[in-house]
Amino acid sequence: MEDLQSRGPVLLLLLVTLVCTASANVADLAKRLEAKYELINHNPGGTYYASIILTNVGNIPIDATGGWSLNFCHENIVEFERFNRSTEEYLPTRRGGFILSHISGCLYKFTPDPQGFQAIGPNQTRRITFLSPFSISGIFDVYPNIYLADNTQSAVISNTRDTRLFVAPFKNIFQYTRHPPTDPILPVSPIRSYAVLANQSYPALQPGDIIPTPLLIRSVPSNRKVFIDSSWMFYSGTNSPQVVELMSYFQKTLDIPVSTTPKQSDVIAIGIVSDVPSFVENSDEWYNITVSATFKYVNIVAKTTHGLLNGFQTLLNLLEVKVKPDNTRVFEVPEIMITDSPRFKHRALLLDVASNFFPLPTLEKLLRIMALVKLNKLHLLLANDYGARLEITSIPGFHIIASKRCHDETEESCLSPQFGSDPSGNGVGSGFYTATEYKMLLSIAKQLHIEIIPTWNFDSNMRASEIAMRAYSKATNDNTMNWSLPVLDKTSEVKPNLFRLGKVDPCAVETERFIRTIISTIRSYHTDAGYPLKTFGIGGDDTDIDAWLTKCRVRNKINRPGNPYVHRKLEFNQMLAKIAVENDVTLNAYDNQFTAFPTTCFNSTECTDWFTPYDLKRWMPNTFRASVTHREPTVMTLTRLRFKNLNVSELGPHDAETKMRMFQRNGYSSIISLQDVLDFTIKEEPGPYVPGEMPLGRSPIPLQHVYSMWPEALCCNRYECNRGAFSYRGRRIPLCVEDVNAPGPIGMQAFLSTRKVRTESNLFLLLFPRLIAFAERAWHRASWENTIRRPIRNLTAAGIAEVHDFQKFKAILGTKLLPTMDKYKAIYYMAPPGAIMRNVTTNVNDQNRAVSAHTEFPGFVAQIKTDKMPDFEDIVNNKIYSIQHAEFRTRNAQSTRFSRSEVVLSNFTDKYAREHMEMMSDLAETSVLEYPIQTTLRNQDDPSGLVSFAIRPELPLYFDREFGRFFNRTGFQAFTRIRPTLVQQAMQNREQHMRMMEAHRRFRDSKSEDKSKRTENSTQTNRQLDIKEQTTRPKRTDNSTQTNRQLDIKEQTTRPKRTDNST
């Protein structure tokens, strides 16, 4: 047994090496082929046509011999109407002489049909066209590394290796909109950007304007400066190991020595104090920094070393580097005093390194930028369906298969190459952190006071772990942690990602052993690094009910009647809680994990107690701690009352509570991670060449949306409020209860899935600068935010303040933080400029245009390159250029970074909006819209779908201009038959409406006329009364006048004088 265990890793490595060796035959074929992926068009209703176009660039024909196939990863199901999800098999489906089949997950293959494949001659192409559901938002939705393979060997087609340049350009509205012609989200054009940016003004920055915004700033009006040069030193009167370690980091960062004796000036003094101002929140991170020009010192005090680090990061944000004439460096800092602490103690980023791997240097760079903006937690998703990225020393060799992707359809030697991974087992897609590397990461995080929260999915996403444990058990004959049930491999329900494996087994003792081993081993890494493990993430996505109950039946475990799933889930969570208590860690999971009923329930009829969490005090050990992450945008607004009829017979005592409040009441800490604002996997702006994804139904998440969110507005989010009430048994029941004494969330968490992110540059393009806006909101509570304790009273004033603060935020970004990121060599998203080209003369043939442009951030420069210029040059506003077409891009101040360029034609300045307008105009005139699949490939239509694609029944699209409705052919024909009746009804309704409007007008006029007559009669009556009063009123005599004067004099003489006291 011990011999097998020792040889297990070696056997696994040998098996991987044998499988991933390249074949000369397949490699030769791959060299003679080029592949291109082309999106043909999106269709109404959420489908699209695409093609893979193969070109023979060699000198000899390519035939079907050799048993090769074309393998590729595709985002959405290929020919989904012909795919049987229960069997994972296709109806006979041939495309371009190839037979289509599914491998696993996103992997498909086209195998040459021995009977119907025609050889591809030199310089000939072969188009393989297919239909898929949903949409493609750009080139980043297409996976690279299309490869050829036979039974055991593979080779990548070279023009698709680790690049997306093989994706055909997106040229028309059918490609870059997801639901033509009704998709309202068009790519951003320079002229529309200009309309927004031209109206923005950036306020002048003051001392203390940094990100994140401090709690309290007291600046000196004289604007005096302190200059820190080589004569300055660090000093701390505290000699604890933690402070000494922190001082070494400070010294290394600013290259300033540490003094062992006190200094009165030219010193950055560091100190730990116990007195904390009463008004601060989260005092463990409180700090106070004082910069004095009079006494030439910087003083940073805090309650903890974490607070000292926060104060030092503030100092880094305040200082500006100046270079003297003798080339010596000096730091300039404004005279200022800052008292600061965060609003939330949990300010986190969840980074998925399981779907795609990122090496240690990338994580180190990310940690240093996070520390600069005072983020304090990094969740690392280490294991999911697609990989397990950490060496587990207590399971030798486990990580070899769990982290390696190569071409092996049996997955006995490695995982299949999902997400366009290199099928050789090397390169992007494969990789892991050794135990030593992980401890190095912990050491860096410890120095920066960033907690590393390892996350290992113990839910429905354990496929990589299950496959690796099978291989480990086979190689070592150790089944003590192998919970897998091969008997269910072909019968369990297929998951949305088209895998069957990976659903946790709640009834297996092997599952408990595996989970305990993973958590205890990672905990030991933290102990060795001197940075104890505090929180462990376990995922939390729900597993389908049948999978759990079936696994338990196979293991002869009796499922309890009533709600067996609820009981199994409770038992599983109790097992997790026991392991957490043993290891003294807090468990973090998505709220689904601790929800009693399946989260697929959408109303109270399906599940009477939907989104009810398990009560920690009742069901879990007393010392168990749990935090939940809320992803749903409605978690702070939705209550059960929203799903109940207003005439319900019974109301529960907590039906007006939000989901977040319900979890808090049951003992959980809440973390806000709303996917409509904090999912940085989504594009920052629409466009086919913008990094990120934008699935059908999702909108971009721009920088301002992140900055402007309200993380503490219970019963409200940024766009919707759930207030109001309804009557129930004679009393008013609120739809949502706002409790000012409720604890609220403990923090916020942004997240990023790396399924389509393959490089550090793409990762940082999605993270920054949005992660900086997130850091601002997680640290600072703005005056314009709507919270329970401080609700907005004047929405207009709050909106004006929000716009002003956002402009200041962008000014700080452009002039301070983004240049700092350039020093870190960290990429960030930079949009092309907003630009406008104005005609100089009225001559339509005159190509001269006056050009003006604005950039997103101050300090950045807009550039132009016309068809008559060899290279880009900086734009001078209103300068005249001779233009047929021009490219615009943005550069940073140092000209080291450039945005993508946008091409603009002089006669069509907004090609996206122009094309959409022309499409709608043509559709209104002709009533029918044909799509490119019809106009270019109509002759390949096969209604049976057997040998070629079938044109969708909703094509072409028909439109009735008068009614403003869209139809497919059948619907339009039916509509045409009843249209005369509908027109007549519409005319009758219109006439009836006009009659009602006329009657209303006459009624209004008659009321006005009556009012006018009453006014006139009243005026005449008043005049008559005035005349009568004047004739009957007695005349005033001189005697009466004299008497009145005498009375006035008498009153004045008898009135008491006002004294000084009364004054």
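All of these numbers come straight from a predicted model, not from anything done at the bench.

Caption draft 1: Examining the sheet that holds strand S9 (residues 125–133) more closely. As summarised here, the arrangement of the three strands in space is S1-S2-S9, forming an open sheet in which the pairing is antiparallel. In the strand order of this sheet, the two ends are held by strand S1 (33–43) and S9, each with one partner. Averaged over neighbouring strand pairs, the angle between their axes works out to 20° when direction is ignored. As judged from the nine bridges shared by strand S2 (residues 47–56) and S9, these two strands associate in the antiparallel manner. Residue pairing in the sheet places tyrosine 48 in a bridge with serine 132 of S9.

Caption draft 2: Molecular detail of the packing of aromatic side chains. The final tally for this structure, using the stated rule, is 43 aromatic pairs. Relative to tryptophan 784, the ring of tyrosine 707 has its centre 5.7 Å away and its plane inclined at 40°; by these criteria the two rings are tilted. Here tyrosine 707, found in helix H17 (residues 703–707), pairs with tryptophan 784, found in the loop between helix H19 (770–779) and helix H20 (795–823); they are 77 residues apart in sequence, far enough to count as distant. Summarising the burial analysis for this pair, tyrosine 707 and tryptophan 784 share the class buried. Taken together, the ring pairs connect Trp68, Phe72, Phe98, Tyr108, Phe110, Phe117 and Phe130 into an aromatic cluster.

Caption draft 3: Representation of the pairing of strand S40 (residues 957–960) in the model. Covered by surrounding structure in S40 are Leu957 and Phe959 together with Tyr958 and Asp960, the residues of both alternating faces. As defined by bridge partners, strand S39 (residues 928–929) adjoins S40 across two bridges and the pair is classed as antiparallel. When the sheet's bridge partners are listed, valine 928 is paired in S40 with tyrosine 958. The pairing of S40 with strand S41 (residues 965–967) spans three bridges and is antiparallel. Opposite tyrosine 958, over in S41, you have phenylalanine 967 as the bridge partner. Between the antiparallel neighbours S40 and S41 lie four residues, among them glycine 964 with a positive phi of about 65°.

Caption draft 4: Main features of the state of the cysteines. Here the structure, examined in full by the defined rule, presents three disulfides. Shown here is the disulfide that connects cysteine 406 with cysteine 414, its sulfur atoms set 1.9 Å apart. Of note, the bridge from cysteine 406 to cysteine 414 carries an S-S torsion of about -85° and is left-handed in sense. Taking relative accessible area as the criterion, cysteine 406 reaches 0% and is therefore assigned buried. One disulfide in the model links cysteine 507 with cysteine 552; its S-S distance is 1.9 Å. Taking the torsion about the S-S bond as the criterion, the cysteine 507 to cysteine 552 disulfide, at about 80°, is right-handed. One end of the pair, cysteine 507, is in the loop between helix H10 (463–476) and helix H11 (509–528); the other, cysteine 552, is in helix H12 (residues 545–554), with 45 residues separating them in the sequence.

Caption draft 5: Spatial organisation of unusual backbone geometry. For the peptide bond that leads from proline 180 to proline 181, omega is 0°, which places it in the cis range. In this structure, proline 181 sits in the loop between helix H3 (173–176) and helix H4 (190–197). In this structure, lysine 296 takes a positive phi of about 55° despite not being glycine. With respect to the element layout, lysine 296 can be found in the loop between strand S16 (287–292) and strand S17 (297–302). Residue classification places lysine 296 among the partly exposed residues on the basis of a relative accessible area of 40%. You will see that serine 927, though not glycine, has its phi angle at about 70°, which is positive.

Caption draft 6: Region of interest: the environment of methionine 917. Along the polypeptide, methionine 917 turns up in helix H21 (residues 911–926). Separated by 736 residues in sequence, methionine 917 and proline 181 have C-alpha atoms that sit 9.6 Å apart.

Caption draft 7: Region of the structure containing the environment of serine 259. Relative to the elements of secondary structure, serine 259 occurs in the loop between helix H5 (241–254) and strand S15 (267–272). With 25 residues separating them in the primary sequence, serine 259 and phenylalanine 234 have C-alpha atoms 5.8 Å apart. When near neighbours in sequence (up to four residues on either side) are disregarded, serine 259 contacts Met233, Phe234 and Tyr235. Only 2.7 Å separates the side chain of serine 259 from the backbone oxygen of threonine 261, close enough to count as a polar contact.

Caption draft 8: Here's a closer look at the pairing of strand S33 (residues 848–854). Burial analysis of S33 places five of its seven residues in the buried class, the great majority of the element. Where strand S32 (residues 834–839) lies against S33, six bridges are found, and the strand directions are antiparallel. Bridge pairing in S33 links asparagine 839 to arginine 849. Where S33 lies against strand S36 (residues 879–882), four bridges are found, and the strand directions are antiparallel. The residue of S36 that forms the bridge with alanine 850 is isoleucine 880.

The rules behind each value
- Residues numbered from 1 in each chain as written.
- Predicted model: local features only at pLDDT ≥ 70, side-chain atom pairs only at ≥ 80, totals over all residues.
- Heavy atoms only, no water.
- Pairing = 2+ DSSP bridges.
- Helix = DSSP H or I, 4+ residues; strand = E, 2+ residues; numbered from the N terminus.
- Axes fitted to C-alpha atoms, helices over the stretch in contact; angles between N-to-C directions.
- Phe/Tyr/Trp six-rings, centres within 6.5 Å; stacked < 30°, edge-to-face > 60°.
- Buried < 20%, exposed > 50% of the residue type's maximum accessible area, 1.4 Å probe, protein only.
- Disulfide = S-S within 2.5 Å.
- Contact = heavy atoms within 4.5 Å.
- Polar contact = N/O pair within 3.5 Å; in protein donor to acceptor, adjacent residues only side chain to side chain.

All quantities given are derived from atomic positions and should not be read as evidence of function.
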